[in-house]
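# Examining the three-dimensional arrangement
Spelled out from the first residue to the last, the chains are:
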Amino acid sequence: MARSENTKRAYRAGWRQYEDWCRGIGVKPLSGDPGIVALYLAMLSKKVLPSTLKARLAVISVAHRLAGIKLDTRHEAIRLVWQGAAREKGLAPRRQARALHYRSLPALVDVFGDRPLDIRNKAIVLLGFAGALRRTEIAQMALEHVTLAKDGLTLFLPRSKADRYGFGEKIFISPHPDARLCPIKALKAWLKIRPESGSRLFLCANRNGSFRNQGISEQTVARIVKDAVEVLGFERDDYSGHSLRAGLATSAADAGCDLKAIMTQTRLRTAKQAMTYIRDAERRRQSVTRAVFTQRPDT
C-alpha cells in the first residue's frame, strides 16, 4: 500500500524506538511474541495516549508482516493493555487545531500588506481556505497544477492523503465578489510578482524578502497561519495549517451546505469525517441556550 512520506517517517521512527527498547531488554524485535509487544505497550502507555499506542502497534504489526512473521495483535495480553490505557486516559481524540472561520477572513487578510512576501502569504491563506487544502497540498502545489478560467480556478492535486494511489483529484474554486477576499485575485497578484524560476507554485523566501527556486515547506504554511492569527489577538498555539481546511468545512456547515457538497470540496472519503463539522454547526444552531437567552426574563 502506498503511504505518504510523513507516514513513512512516522513508521520508521516508531520502529526504531521499538527496536531500541527490545535491544535494551535483550529480546528480538521480530519475535512474533505478543507478550513482548504487550510489555512494550504497557511501558509506553504511561507516557502516551491510546491513539499513539494504536499507531505503534500498527508499526510493529506491519514490520512483522513484511518479514513474514505472524503476530497476533488481538492476543489477550495486548488487548488488556489497550483496555487499561483506554480506561485510564480515555479515547477522546487529541485536541485538534481550531477552525479558521469564514467570518474571521476579512480581519485576517488585512494583516497582510503590499510586500511581495505578504502577497504570497495572502494567496496561501485564501487559496488554502477556499480549496480546503491540507498544508502538504499547499506546499507541494506546482504551477502546472493551476488552471485559471473566466468562471473560476481549477486546482489539480496529483496526490493527497486520501488519494493513496495517486489517481489525482480536481478542485474548483469560485471567485469571491469582494476582491479583498477573492482567492483567484490573490493568486493572480502573487503570479504577477512570482519569479519565473522554480516549478512550485509558492516559493520559499529569503530573509531579505527575495525568493528561492525551491518551494515552501509544510511548516511554513502553519507558521503563516499562526503569525496572522496572533496579530488578531488569537492564541497562536490553537491554530495550525489545518485551520484553513477545517475552516472551510465548518463555515460550509454553518452556511447550510449539505454533507455531499462538503465531502466533495474537502475530499473527505467518509460521511463520519464530514459529520464532525456538520454536528458542530448543528450544535450551535440548535443550542437551547440561544432560545432561552433571547427571551426576556421575568422581573
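Residues numbered from 1 in each chain as written. Predicted model: local features only at pLDDT ≥ 70, side-chain atom pairs only at ≥ 80, totals over all residues. Heavy atoms only, no water.

Looking at where R194 falls in the secondary structure, it is placed in the loop between α8 (183–193) and β4 (203–205). Buried charge R194 goes without a salt bridge, the closest partner of opposite sign being E196 at 8.0 Å. Those residues in contact with R194 that lie beyond four places of it in its chain are L143, S199, R200, L201 and L203. (Helix = DSSP H or I, 4+ residues; strand = E, 2+ residues; numbered from the N terminus. Buried < 20%, exposed > 50% of the residue type's maximum accessible area, 1.4 Å probe, protein only. Lys, Arg positive; Asp, Glu negative; His and termini not counted. Salt bridge = Lys/Arg side-chain N within 4 Å of Asp/Glu carboxyl O. Contact = heavy atoms within 4.5 Å.)

With that settled, consider unusual backbone geometry. Here the phi dihedral of A132 falls at roughly 50 degrees; this positive angle occurs in a residue that is not glycine. Within the secondary structure, A132 sits in the loop between α6 (116–130) and α7 (135–140).

Of the residues in the protein chain, 85% have a pLDDT of 70 or more, and the chain-wide mean is 84. Per-residue pLDDT, averaged within each element of the protein chain, yields its smallest value for helix α13 (residues 288–293) (58) and its largest for α8 (95). (pLDDT = per-residue confidence, 0-100.)

Pairing of strand β1 (residues 146–149) with strand β2 (residues 152–157) involves four bridges; the strand directions are antiparallel. Across the sheet, L148 pairs through a bridge with L153, a residue of β2. The loop that links β1 with its antiparallel partner β2 comprises two residues. Judged from the five bridges that link them, β2 and strand β3 (residues 169–173) form a sheet pairing that is antiparallel. (Pairing = 2+ DSSP bridges.)

A sheet is described by the order of its strands in space; here three strands give the open sequence β1-β2-β3, paired in antiparallel fashion. This sheet does not close on itself; its edge strands, each paired only once, are β1 and β3. Neighbouring strand axes in the sheet, compared pairwise and without regard to direction, differ in orientation by 20 degrees on average. Against the sheet, α8 makes contact with β1, β2 and β3, and its axis sits at roughly 115 degrees relative to β1, the strand it touches most. (Axes fitted to C-alpha atoms, helices over the stretch in contact; angles between N-to-C directions.)

Tallied over the entire structure, the rule returns eight aromatic pairs. Arranged with centres 6.3 Å apart and planes meeting at 25 degrees, the rings of W190 and F202 form a pair that is stacked. Residue W190 is found in helix α8, and its partner F202 is found in the loop between α8 and β4; the two are separated by twelve residues along the sequence. Like W190, the residue F202 is buried in the burial classification. Here a set of aromatic residues connected by ring pairs shows up, and it is made of W15, Y18, W21 and Y40. (Phe/Tyr/Trp six-rings, centres within 6.5 Å; stacked < 30°, edge-to-face > 60°.)

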